[in-house]
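Below are the chains, spelled out letter by letter.
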Amino acid sequence: MNNPGTPTFDQLRIFLTIVDTGSFAAAGRKLNRAVSVISYGISNLETQLGLTLFDREGTRKPRLTLAGRALLAEIRSISHGIDGLRAKVKGLLDGLEAEVNLAVDVMLPAERLGKVLRAFAKAFPTVQLRLHAEALGAITAMVLDRGAVIGVSGPLSAGVEGIETMAAGSVPMVPVAAPDHPLGRMDNIPPGAGRDYTQLVLTDRSRFTEGQDYSVSSPRTWRLADLGAKHALLREGIGWGNMPLPMIEPDLVAGTLVRLAMPDHPGGTYRFAGIWRRDTPPGPAASWLLDQFVTLGQTDRELDGMGDV
């Protein structure tokens, strides 16, 4: 039976640097090492694993072998894990934060946010909090740009390079309009009827959502950067649109908004994630905040799909 050895983290870092830079020489420059040292590190790694990772014949640039390609994702995952571990330890050694910058999605129910922050104030009375309420991709942009150390983002944070995520619950999204809006007066809304009326759409100017639409079905839209403004305009009967259910439940009870039974636009679920930069994991207080959002989010009712915003 062939039992591979245990490679060192330095050998794995050399491997990834060659892949990312395209050559042994470029990897040497990036790591400030001689090419011979880079070559020696890869040879040792291949010996440890018992596999050839790079095809060095007939080309100036090394090419990954089948084995190298098969191991690439695993090695990159190990590297990310080690980087995260080292940054986490550094944060713990540095001690409790003096201040936590938190960015939250405007879709996050106010009651849920209030519960977490009330508990945070009791648990960490010496830690100052800076709270930013943003929409769509702006939460991820703030965390990437270091404007916030952690965020509670909507689904647009998924798959963003350099961002770590953990599921933090969801909120139902439902299409609504004022009772005197034409759609609000219909008992049976035919398919495609929403296209005939102005749809109010939440938007932001982050690089993740610029020029993009999400489940927008009407060619006639008003785009708003503020969820509160969208709520107010819906109640004025100016248009129709999806809203987080907890925010407009009092309107449904009072009759200032009505839920639209649209066969081709039923709404759905807006899912949240706690996010942070992979190379800057949260300290003790920020980690506690994330854990609270995740724990509270696990009690939410989960639905399928995601409605327009």
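(A) A look at the pattern of salt bridges. By the definition in use, this model includes 11 salt bridges. The residue Glu 99 makes a salt bridge to Arg 130 at a minimum N-O spacing of 3.0 Å. Residue Glu 99 is found in strand E3 (residues 99–105), and its partner Arg 130 is found in strand E4 (residues 128–134); the two are separated by 31 residues along the sequence. Of the residues examined, Arg 130 reaches a relative accessible area of 46% and is grouped as partly exposed. Salt-bridge contacts for Arg 278 lead to Glu 164; the nearest nitrogen and oxygen are separated by 2.7 Å. Here Glu 164 lies in strand E6 (residues 163–177) and Arg 278 lies in the loop between strand E11 (268–277) and helix H9 (284–297), a separation of 114 residues in the sequence. The partly exposed category is assigned to Glu 164, whose relative accessible area is 27%. Within the structure, one salt-bridge network assembled from shared partners comprises Asp 10, Arg 13 and Arg 33.

(B) A look at the packing of aromatic side chains. Applying the stated criterion across every chain yields a total of six aromatic pairs. Consider the rings of Phe 124 and Trp 288, whose centres lie 5.5 Å apart with planes at 75 degrees: the pair is edge-to-face. Taken together, the residues Phe 124 in the loop between helix H5 (110–123) and E4 and Trp 288 in helix H9 connect sequence positions 164 residues apart. A relative accessible area of 21% places Trp 288 in the partly exposed class. Arranged with centres 5.6 Å apart and planes meeting at 70 degrees, the rings of Tyr 270 and Phe 272 form a pair that is edge-to-face. For the pair Tyr 270 and Phe 272, a shared accessibility class is recorded, and that class is buried.

(C) Up close: the confidence of the model for the protein chain. Predicted confidence across the protein chain gives a mean pLDDT of 85, with 89% of residues reaching 70 or more. Contacts for the low-pLDDT stretch residues 301–309, under 50 throughout, to residues beyond four places or in other chains number 42 contacts.

(D) Local environment of the pairing of strand E9 (residues 241–244). Alternating positions in E9 separate into two faces, Gly 241 and Met 243 on one and Asn 242 and Pro 244 on the other, with burial throughout. Of the strand pairs in this sheet, E6 and E9 are connected by four bridges, and their pairing is antiparallel. The partner of Pro 175 across the bridge, within E9, is Asn 242.

(E) The arrangement of helix H2 (residues 24–31) in detail. Taken as a whole, H2 has its buried residues at Phe 24, Ala 26, Ala 27, Gly 28 and Leu 31. Elements that come into contact with the buried residues of H2 comprise helix H1 (9–21), helix H3 (35–49) and strand E1 (54–55). Its side-chain oxygen at 3.0 Å from the backbone nitrogen of Ala 26, Ser 23 defines the N-terminal cap of H2. Of the residues trailing H2, Asn 32 is marked for its positive phi of about 60 degrees.

Reading the values: the criteria
- Residues numbered from 1 in each chain as written.
- Predicted model: local features only at pLDDT ≥ 70, side-chain atom pairs only at ≥ 80, totals over all residues.
- Heavy atoms only, no water.
- Salt bridge = Lys/Arg side-chain N within 4 Å of Asp/Glu carboxyl O.
- Helix = DSSP H or I, 4+ residues; strand = E, 2+ residues; numbered from the N terminus.
- Buried < 20%, exposed > 50% of the residue type's maximum accessible area, 1.4 Å probe, protein only.
- Phe/Tyr/Trp six-rings, centres within 6.5 Å; stacked < 30°, edge-to-face > 60°.
- pLDDT = per-residue confidence, 0-100.
- Contact = heavy atoms within 4.5 Å.
- Pairing = 2+ DSSP bridges.
- Polar contact = N/O pair within 3.5 Å; in protein donor to acceptor, adjacent residues only side chain to side chain.

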